[in-house]
Structure formats: structure tokens, C-alpha cells
Amino acid sequence: MSATNQRTLAKSASLEGTSLHTGQPVTLTLKPAPADSGLKFRRVDLPDQPFIAADVDKVQTVERATTLAEGSVKVHTVEHILSALTGMGVDNAIIEMDANEPPIADGSSRPYVELIKSAGIVEQDAPRRVWQIRQPVTIETKGGSILTVLPSKDFRISVTCVGPEGRFTQYFDAVITPETYEAELSPARTFCFYEDVAPLIEKGLIKGGSIENAIVLKGDQILSKEPLRFHNELARHKAMDMIGDLILNGRRILGHVIAIMPGHGPNTQLAAKLKKEYSNMQSLLPKPADIPTGEAVLDTREVMKLLPHRYPFLMVDRIIGFEGETKCIGQKNLTMNELFFQGHFPEHPVMPGVLQVEAMAQVASILMLRIPGNQGKIGYFMSADKVKFRRPVIPGDILIIETELVKMRGAIGQAIGRCLVNGEITAEAELKFIVQDA
């Protein structure tokens, strides 16, 4: 199967059990779903059998579990089944339940992984929606939780789990694939601290909980039906929960999630911020109507008539607009075929910042070479001041280069420039040139 296409289930499959918080019997059935439909819950025990999308906007409560709601219809403790589907690579599925909460099983997501494998996974004829994180996204809570997503070519999770008074501090780190998810995360069981149990019971929660489906930590003791499955099982379970909570942002991510003291509250806050950041980014994407056209636009051949630069050092593909005699906008389409990506860096290709400065210099040179009397000359770079690099530029980006000529005295000119991707500044600088005969 292609790693770039969406996937759903090959057939339906069901699991029966008891819900954790209500203690009620429940049957959960996974069903295939069309491409681009995402993950959706369906309450088949209610009139009209309503759907609830797995969307962070539907999050209602996050106490000990993540609850989604659509009006008065709710589904509780959704994180384990969402985690299993996401971890195993399923993008579209309907999760039918005849109660308001999935079965807790043994407290891990392994029973759901086995259910998914029994149903089978098939590829769909639609590209997978994946967002590669380009700049850090962070949230901090008053309770001390810090969650950050850093740029990465993989989906990686690093979790530090800290209990009351520093007890049972554990760490887990792994790149998440269906193989590592099944082996390293799905067996990890849910847990709670003994001092937290009484308040939960008073609130009517964990009616279906026992040491058969949860690890109870009392002092330095571990109360469980079986020994820990991993020396860091608690941190692994936190990572498993995070996967289920983060997918509520609406798309898979490529990024390194670093989580200190995660929980359903911080997890869903991060999911909400990710969704907002993605929405903001999409609103900045250039639209066809935003690209200037007409007599002022210069194609590559016309650019090369003005500039002496050639492959592999021509850093502007075309000029997409002029504003009077002092402003110029250029464009550079970046692909993996660029020579500099081969060594900078092989495992994480990034456009060198100095080449962004060079792109600004070339576009600014075009401005100066259009001045009467400068045609046929060459603009030589003299200096760059106040250079700042804001974010990485990678293969697939469309680099927009904006320059403005602020002073021209004799043969010496000064300009300000900036590079942008999707409306976000990647680099900026103040530039100085001298124009001389070729």
C-alpha cells in the first residue's frame, strides 16, 4: 500500500465489553468509511442514530478521559479507539456503539488493534491529509504541563510522565509507525493513583474499573492483575493517549511531539492550537487571483536577460509583479531537484539562509537594472545588514521574494527585502549594491 494514500477498513468488526466509567455493557463495531470522511462515532442506541465527528471542536470534558458531544449526544473515553485507528494507519472509519462509551477491555488499546487487524485495512484512491510541522507549536498549562511539536520528517513522540510528589517518573520516546504502535504502545494499560480513586467514585466515574483493566499506584506499590508489561508502561500509555487526542486536530502530523506531564486537557489544548495554526496557514496560501499578471510580469527567459546568473545559482524563476519603480516581487519554486538540497541536509533538506539573501539580492538587482542608464550593467552585492531568518524553507515551498529600493545614489543602491512562504516571512534583510559595467 502507498504511504501517501488514505486507508479504511476492509470490512466491519465488533468488540463487546464493559465501559470504564459507566460500567455498562457495550458493543463497539468498526465499519469502513468513504475517503475524506475521517473518523466518526455513531450512537446506534439512540433515535436517528446520530453521528459525532472526532473533532477537537466537539470536546466537552477532559476529566480522566476525553468526551465528545454534539448537542445533548455524548461519547466518553474516545482516546483509546482513536489512538488505535490512528496508530494503525486508518484514516476513515465509522465507530458504532450501542452505549455512550467504548469497552475498556484490559485498559490498553491492544484489543482495538486486534479488532482492526481482524477487519483488515485497504487503501483508498485519495491522498492522505498530512501536515508537516514547519515551526514549533507549544502550549503550557498552570498545572505544569508543557507540550511542544517541533519540525520533523517523522511522527515522533517523547513523553515524560510524572506522578504526585515525583513518584513513578518515567520516559518514553519512539517514532510512531503501525509496527511500533502495535508493539510498543498498544499493550500499555491505563493507570491511576490510589489517592485519586475515591473522588472519582464519588463523581460516579470508573464504575467499570478494576485491577483487571487498570494499574493502581498506592504509595510506591503497584496494584495490578499482572506485573508491568514494560518498565515505563505509564509513559507509554500517556503516549498512546496523546495519539488519540491529537488526531482530533483533523489531520495526521509529521512532527516531534515533546510532552512533559501530558494529560487529556493539555493534549486537547494542543490539538485545538494545531487546528487553529493549520487554518491560519491555509488562509495565507496564495490564490490565483493574488498572483499579478500582465505586461509587467517577466518569465525566466526575460529574467535571464537582466541577470547574469545561471544554473545552479539563479534564485528567481520569474517576476510576478512590479509596484512603480521601487518595488518588485519575484518567485522561486523549490523542488528536491535543487542542487543545494542534496547536501543541506540529506536527511532534512533545508534551503540555506544565505541563498534566500541571494534571492533577495537578485530581485533587487532587477529593480536597479530597470533604471534608465543601468541597462546592460551588473549589480554587485556590497553588504547585508539586519539579516534575520524566521523559519525553514523546504522542498515543495513556493518562495515569494519581495524587495523595495529605498535609496539610489549614483551607482550605489540600498534595498530592503524579505522572503515568504504561504504568507509567512522566512527571511528578511537590508541590502546594498553597486551597479557597474559588465
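Residues numbered from 1 in each chain as written. Predicted model: local features only at pLDDT ≥ 70, side-chain atom pairs only at ≥ 80, totals over all residues. Heavy atoms only, no water.

One open sheet holds the three strands; their spatial order is E6-E7-E8, and the pairing between them is antiparallel. Both outer strands of the open sheet, strand E6 (59-61) and strand E8 (73-75), are each paired with one neighbouring strand and no more. For this sheet, the mean inter-axis angle between neighbouring strands, taken without regard to orientation, is 40°. Bridge analysis of strand E7 (residues 67-70) against E8 gives three bridges, and the strand direction is antiparallel. Bridging from a neighbouring strand, Glu 70 pairs with Val 73 of E8. (Pairing = 2+ DSSP bridges. Helix = DSSP H or I, 4+ residues; strand = E, 2+ residues; numbered from the N terminus. Axes fitted to C-alpha atoms, helices over the stretch in contact; angles between N-to-C directions.)

So, on to a nonpolar patch on the surface. On the surface, a nonpolar cluster with roughly 250 Å² of combined accessible area is contributed by Ile 146, Val 162, Ile 260 and Met 261. Turning to its location among the elements, Ile 146 is positioned in strand E13 (residues 146-151). (Patch = residues over 30% accessible without salt bridge, like charges linked within 9 Å, V, L, I, M, F, W, Y side chains within 5 Å. Areas by Shrake-Rupley, 256 points an atom, 1.4 Å probe, with all protein chains shown as cover. Salt bridge = Lys/Arg side-chain N within 4 Å of Asp/Glu carboxyl O.)

This part covers the pattern of salt bridges. Within this structure, the stated rule accounts for 26 salt bridges. Among the salt bridges present, the one from Asp 55 reaches Lys 275, with a minimum N-O distance of 2.9 Å. Residue Asp 55 is located in the loop between strand E5 (51-53) and E6, and its partner Lys 275 is located in helix H6 (residues 264-283); the two are separated by 220 residues in the primary sequence. Note that Lys 153 is salt-bridged to Glu 347, the shortest N-O span being 2.7 Å. With a gap of 194 residues between them, Lys 153 in the loop between E13 and strand E14 (155-161) and Glu 347 in the loop between strand E21 (327-333) and helix H8 (353-369) connect regions that are remote in the sequence. The class of Glu 347 is exposed, set by a relative accessible area of 56%. Shared partners join several salt bridges into a network, and the residues in it are Asp 106, Arg 110, Glu 226 and Arg 229. (Buried < 20%, exposed > 50% of the residue type's maximum accessible area, 1.4 Å probe, protein only.)

This part is about the domain arrangement of the chain. Looking at the assigned domains, one finds that the chain contains domain 1 (5-284) and domain 2 (300-437). One C-alpha centre belongs to domain 1, the other to domain 2, and the line joining them spans 46 Å. Facing six residues of domain 1, the contacting portion of domain 2 comprises eight residues. Between domain 1 and domain 2, a total of about 810 Å² is buried, with carbon and sulfur atoms accounting for 47% of that surface. Taken together, the links from domain 1 to domain 2 amount to two salt bridges. The salt bridge involving Arg 134 is made with Asp 397; its shortest N-O contact spans 2.9 Å. In this structure, the connection of domain 1 to domain 2 is made through three residue pairs in polar contact (both at pLDDT 80 or more). Within the side of domain 1 that touches domain 2, the residues separate by chemical class into two nonpolar, two polar and two charged. (Domains from an automatic or database assignment. Contact = heavy atoms within 4.5 Å. Buried area = accessible area lost by both parts, 1.4 Å probe. Polar contact = N/O pair within 3.5 Å; in protein donor to acceptor, adjacent residues only side chain to side chain. Nonpolar A, V, L, I, M, F, W, Y, C, P; charged D, E, K, R; others polar.)

This next bit is on the UniProt feature "binding site: Zn(2+)" (unreviewed entry) in the chain. Summarizing the sequence annotation, UniProt attributes the feature "binding site: Zn(2+)" (unreviewed entry) to His 80, His 237 and Asp 241 in the numbering used throughout. Spanning 162 residues, the annotated positions come together in the fold, the maximum distance between their C-alpha atoms being 9.6 Å. Mapped onto the elements, His 80 comes out in helix H1 (residues 79-87). Once you skip the residues sitting within four places of it in the chain, His 80 turns out to touch Ile 104, Gly 107, Ser 108, Ser 109, Tyr 112, Tyr 181, Thr 190, His 237, Met 240 and Asp 241. Among the secondary structure elements, His 237 is positioned in helix H5 (residues 233-246). If near-sequence neighbours (up to four positions away) are discounted, His 237 is found in contact with His 80, Gly 107, Ala 188, Arg 189, Thr 190 and Phe 191. (UniProt positions renumbered as here; feature names shortened; annotations may be inferred.)

Along the chain, Gln 124 turns up in strand E10 (residues 121-127). Classification of Gln 124 as buried rests on a relative accessible area of 12%. If we ignore the near neighbours within four places in the chain, the residues touching Gln 124 are Asn 5, Gln 6, Arg 7, Thr 8, Ala 33, Pro 34, Ala 35 and Asn 92.

Ring pairs (aromatic) are described by centroid distance and by the angle formed between their planes. Under the definition given, this model contains three aromatic pairs. For the ring pair Phe 340 and Phe 341, a centre distance of 4.8 Å and an interplane angle of 65° mean the geometry is edge-to-face. Overall, Phe 341 belongs to the buried group, its relative accessible area being 0%. Cation over ring: Arg 251 sits above Tyr 278, and NZ or CZ is 3.8 Å from the ring centre. In this structure, Arg 370 is placed above the aromatic ring of Phe 322, and the distance from its NZ or CZ to the ring centre is 3.9 Å. (Phe/Tyr/Trp six-rings, centres within 6.5 Å; stacked < 30°, edge-to-face > 60°. Lys NZ or Arg CZ within 6 Å of the ring centre and 35° of its normal.)

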